[in-house]
Amino acid sequence: MEGHIISMQGITKRFNGKTALDKVQFTIEKGDSVAVLGRNGAGKTTLLRILLGLLQQTEGTVLYEGQPQLTLAFRKKTGFYIGKEYLPEELSGMEYLQFLNHLYNGGRLRSDEELRGLMDYFFEGADAAGKAIGAYSFGMMQKAGICGALVNQPELLVLDEPFSGLDAFSCKKLLAFLQQYKQQRTLLLSSHDLSFVEKICNKLLVIDAGKVCYYNTMEDFTVNGRNSLEESLFRLLYPQESDNEKISWLIE
Ligand SMILES: Nc1ncnc2c1ncn2[C@@H]1O[C@H](COP(=O)(O)OP(=O)(O)OP(=O)(O)O)[C@@H](O)[C@H]1O
């Protein structure tokens, strides 16, 4: 177990008898940057929610540094953004960050100036700090969620589709941020945007119909970069048939 920051052991999740995750098993080493990939409905968000203790698994165990994960240490050292449903709509962006700051460390962790700096980086000076999150656009909510995930300077950062809804400049800023972040910490993200995944992650966890069908390095998956990530993923998950006939049928 030594060196593993996260260990998921035999995780099964059933919703009303339907299996969403089936005996999922993997470990994440400190310093890894892992992308969770798979089709819509494969089980990625369910997996991240269970890992974070936001959803109870039906079977299996999640360990953080060798211990059951729902400890204060896990909460203090983990940052996450998993969807806008976890954002308090009535608070302004700044109030949300201040709230998290108090929650994590009685307000001693970061100064208001630092929190404002965090917002400035992702919002690029847009007037968001004083505005209620409920009045944000989808992309602004994503940014507020990402800022929230970073308040406690987490050792493990978990992000569910962080690039979704961000404009091109914001994607570039997030990419630059994550590229630096991953050099010092551990990162787990799900994304459908393979070009960003390729630039950030060293390991891939591919899930299909609730089962892990690949977990290893990006290099191994792409045969040392000879194939693109997209090609390699298509080869693993999609049948080699042409959709042209189906498209013609749909159009005509
Ligand atoms: N609360 C729930 N109740 C019932 N079924 C659920 C619930 N949450 C997820 N599921 C089901 O579990 C499966 C996995 O869903 P999940 O959201 O984890 O997929 P995903 O890989 O994150 O998909 P996407 O790429 O579309 O975000 C799906 O079949 C989904 O319908």
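All residue numbers here refer to positions counted from 1 along the written sequence of the relevant chain. Only residues with pLDDT of at least 70 are given local features in this predicted model, and only at 80 or more are side-chain atom pairs given and counted; all residues enter the totals for whole chains, interfaces and linings. Only heavy atoms go into the side-chain values, all of them from the structure, while hydrogens and water stay out.

- The protein has the name ABC transporter domain-containing protein in an unreviewed UniProt entry, where Chitinophaga alhagiae is given as its organism.

1. A short note on the overall build of the protein
Argument step 1. The number of helices and strands found in the protein is 10 helices and 10 strands.
Argument step 2. Every radius of gyration here is taken over C-alpha atoms, with the globule rule written as 2.2 Å times N^0.38, N being the number of residues. Computed over its C-alpha atoms, the radius of gyration of the protein comes to 19 Å, within 12% of the 18 Å expected for a compact globule of 252 residues.
Argument step 3. With respect to the principal axes defined by its C-alpha atoms, the protein has extents near 55 × 50 × 40 Å.
Argument step 4. We call a residue buried when its accessible area falls under 20% of the maximum for its residue type, exposed when it is over 50%, and partly exposed in between, using a 1.4 Å probe and counting protein chains only. In the protein, which comprises 252 residues, the share counted as buried stands at 46%.
Argument step 5. Pairs at least 24 apart in sequence give 65% of the contacts found in the protein among residues at least 6 apart.
Argument step 6. Using the Shrake-Rupley algorithm and a 1.4 Å probe, accessible areas are obtained, with residue cover drawn only from the displayed protein chains. Counting every atom, the protein has about 12900 Å² of accessible surface; 49% of that belongs to carbon and sulfur.
Argument step 7. Residues counted as positive are Lys and Arg, residues counted as negative are Asp and Glu, and His and the chain ends are not counted. A charge is said to be at NZ when it belongs to Lys, at CZ for Arg, at CG for Asp and at CD for Glu. When the 27 basic and 31 acidic side-chain charges of the protein are each reduced to a single mean position, those positions are 4 Å apart. Secondary structure counts use DSSP, requiring at least four H or I residues in a row for a helix and at least two E residues in a row for a strand, with both numbered from the N terminus. We call two residues in contact when some of their heavy atoms are within 4.5 Å.

2. Details of the pattern of salt bridges
Any two side chains of opposite charge can pair, on the condition that their charged atoms come close.
Argument step 1. Just to be clear on terms, a salt bridge is a Lys or Arg side-chain nitrogen sitting within 4 Å of an Asp or Glu carboxyl oxygen. Counted by the stated rule, this structure contains nine salt bridges.
Argument step 2. Between aspartate 32 and lysine 203 there is a salt bridge, with its nearest N and O atoms 2.9 Å apart. You can see aspartate 32 sitting in the loop between β2 (18–29) and β3 (33–37) and its partner lysine 203 sitting in strand β9 (residues 203–208), a full 171 residues away along the chain. Here the two residues aspartate 32 and lysine 203 agree in accessibility, since each one is buried.

3. Quick word on the site of the ligand
Argument step 1. Being near a molecule or strand, for a residue, comes down to having at least one heavy atom within 4 Å of it. Gly41, Lys44, Thr45, Thr46 and His192 are the nearest of the 13 residues found near the ligand.
Argument step 2. The term polar contact refers here to a pair of N or O atoms within 3.5 Å; inside protein, the definition further demands a hydrogen-donor-capable atom paired with an acceptor-capable atom, and it admits residues adjacent in sequence only when both atoms are side-chain atoms. A distance of 2.9 Å separates an oxygen atom of the ligand from a polar side-chain atom of asparagine 40.
Argument step 3. If you tally residues by element for the shell around the ligand, the top one is helix α1 (residues 44–52), at three residues.
Argument step 4. In this classification, Asp, Glu, Lys and Arg are treated as charged, Ala, Val, Leu, Ile, Met, Phe, Trp, Tyr, Cys and Pro as nonpolar, and every other residue, Gly included, as polar. Residue composition of the shell around the ligand, by class: three nonpolar, six polar and four charged.

4. Re the environment of cysteine 201
Argument step 1. With respect to the helices and strands, cysteine 201 occurs in the loop between α7 (194–200) and β9.
Argument step 2. Overall, the relative accessible area of 6% leaves cysteine 201 in the buried class.
Argument step 3. Separated by 165 residues in sequence, cysteine 201 and valine 36 have C-alpha atoms that sit 9.8 Å apart.
Argument step 4. The contacts of cysteine 201, once residues within four sequence positions are left out, are Ser33, Val34, Ala35, Leu189 and Met218.

5. Structural notes on the sheet that holds β9
Argument step 1. The pairing criterion for strands is at least two bridges between them, as found by DSSP. Taken in spatial order, the six strands line up as β6-β7-β8-β3-β9-β10 in an open sheet, and their pairing is mixed. Taken across any chain shown, the strands that pair with only one partner, and hence form the sheet edges, are β6 (78–81) and β10 (211–217). Direction aside, neighbouring strands of the sheet carry axes that sit 15° apart on average.
Argument step 2. Here five bridges tie strand β7 (residues 156–160) to strand β8 (residues 186–190), and the two strands are oriented parallel to one another. Opposite leucine 157, over in β8, you have leucine 187 as the bridge partner.
Argument step 3. Of the strands in this sheet, β3, β6, β7, β8 and β9 are in contact with α1, which crosses β7 at around 150°. Axis definition: a line fit to C-alpha positions, over the contact stretch in the case of helices; interaxial angles, taken between N-to-C directions, run 0 to 180 degrees.

6. Focus: unusual backbone geometry
Argument step 1. Positive phi outside glycine occurs at lysine 23, with the angle close to 50°.
Argument step 2. By relative accessible area, lysine 23 is classed as exposed at 61%.
Argument step 3. Positive phi, close to 50°, is recorded for glutamate 65, a residue that is not glycine.
Argument step 4. Note on placement: glutamate 65 falls in the loop between β4 (59–64) and β5 (67–68).

7. A few points about the state of the cysteines
Argument step 1. When two cysteine sulfur atoms are found within 2.5 Å, that pair is recorded as a disulfide. Counted according to the given criterion, the structure contains zero disulfides.
Argument step 2. Cysteine cysteine 171 is unpaired, with the sulfur of cysteine 201 as its nearest cysteine sulfur at 14 Å.
Argument step 3. We classify cysteine 171 as buried; its relative accessible area is 9%.

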